[in-house]
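Read off the chains here:
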Amino acid sequence: MSGLRTSRLVTGLVALALVAAACGSSGSKQEADTTTVPSAGSSTASTAAQGSTSSTTAGPQPASLAEWEALWTKERAAIVKRIKD
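None of the values given here were measured: they were computed from a predicted structure. (Residues numbered from 1 in each chain as written. Predicted model: local features only at pLDDT ≥ 70, side-chain atom pairs only at ≥ 80, totals over all residues. Heavy atoms only, no water.)

1. Describing the overall build of the protein
Note the following rule: Segments assigned H or I by DSSP are reported as helices when at least four residues long, segments assigned E as strands when at least two residues long, and all are numbered from the N terminus. For each residue, the accessible area found with a 1.4 Å probe, counting protein chains only, is set against the maximum for its type, and the residue is called buried under 20%, exposed over 50%, and partly exposed in between. Note that accessible areas follow from Shrake-Rupley with a 1.4 Å probe, and for residues the cover is restricted to the protein chains shown.
When helices and strands are counted, the protein shows 3 helices and 2 strands. Secondary structure of the protein in N-to-C order comes out as α-α-β-β-α. Each of the 85 residues in the protein was classed as buried or not, and the buried ones make up 2%. Surface accessibility of the protein: about 7500 Å² in total, with carbon and sulfur atoms responsible for 61%.

Printed below as a string of structure tokens:
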């Protein structure tokens, strides 16, 4: 019976360790800096191995829902045009 209890304890600890590893962060600031989502109209390239970054600046972000929808419509039309061409 003691072997079964130990087996269950080890299995539980391994499961807990896997969940903690999946949910935890590495705490590395560099990782957070290289995983950014570029805003509309901007292009950002970052290489962690080389440490180089090139980017272009975009205009101001939309402030209202209507402005976001207008931006989405404009970008979608550009993508559809690019696909059709």
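Once you've had a look at it, read on.
2. Concerning the confidence of the model for the protein
To be explicit about the condition: pLDDT expresses how confident the predictor is about each individual residue, on a scale running from 0 to 100. The criterion used for residue contact is that any of the two residues' heavy atoms lie within 4.5 Å.
In the predicted model, the protein carries a mean pLDDT of 75, and 61% of its residues have values of at least 70. Looking at the elements of the protein, mean pLDDT is at its lowest for strand E1 (residues 44–47), recorded as 46, and at its highest for helix H3 (residues 65–84), recorded as 94. Long-range and interchain partners of residues 42–49, a stretch whose pLDDT sits below 50, account for 17 contacts in this model, where long-range means more than four residues apart.

3. Quick look at the environment of Trp68
For Trp68, the position within the fold is in helix H3. By relative accessible area, Trp68 is classed as partly exposed at 39%. Those residues in contact with Trp68 that sit more than four places away from it in its chain are Gln61 and Pro62.

4. Structural notes on a nonpolar patch on the surface
As a reminder of what qualifies: Only residues whose relative accessible area exceeds 30% and that form no salt bridge enter a patch; like-charged residues are grouped when within 9 Å of one another, and nonpolar side chains (Val, Leu, Ile, Met, Phe, Trp, Tyr) when within 5 Å. Salt bridges are defined by distance alone: a side-chain nitrogen of Lys or Arg within 4 Å of a carboxyl oxygen of Asp or Glu.
Together, Leu9, Leu13 and Leu16 give the surface a local cluster of nonpolar side chains, amounting to about 330 Å² of exposed area. Looking at the secondary structure, you find Leu9 in helix H1 (residues 2–23). Classification of Leu9 as exposed rests on a relative accessible area of 54%.

5. So, the pattern of salt bridges
Under the definition given, this model contains 1 salt bridge. Asp85 is the salt-bridge partner of Lys81, the closest N and O atoms lying 3.6 Å from each other. For the pair Lys81 and Asp85, a shared accessibility class is recorded, and that class is exposed.

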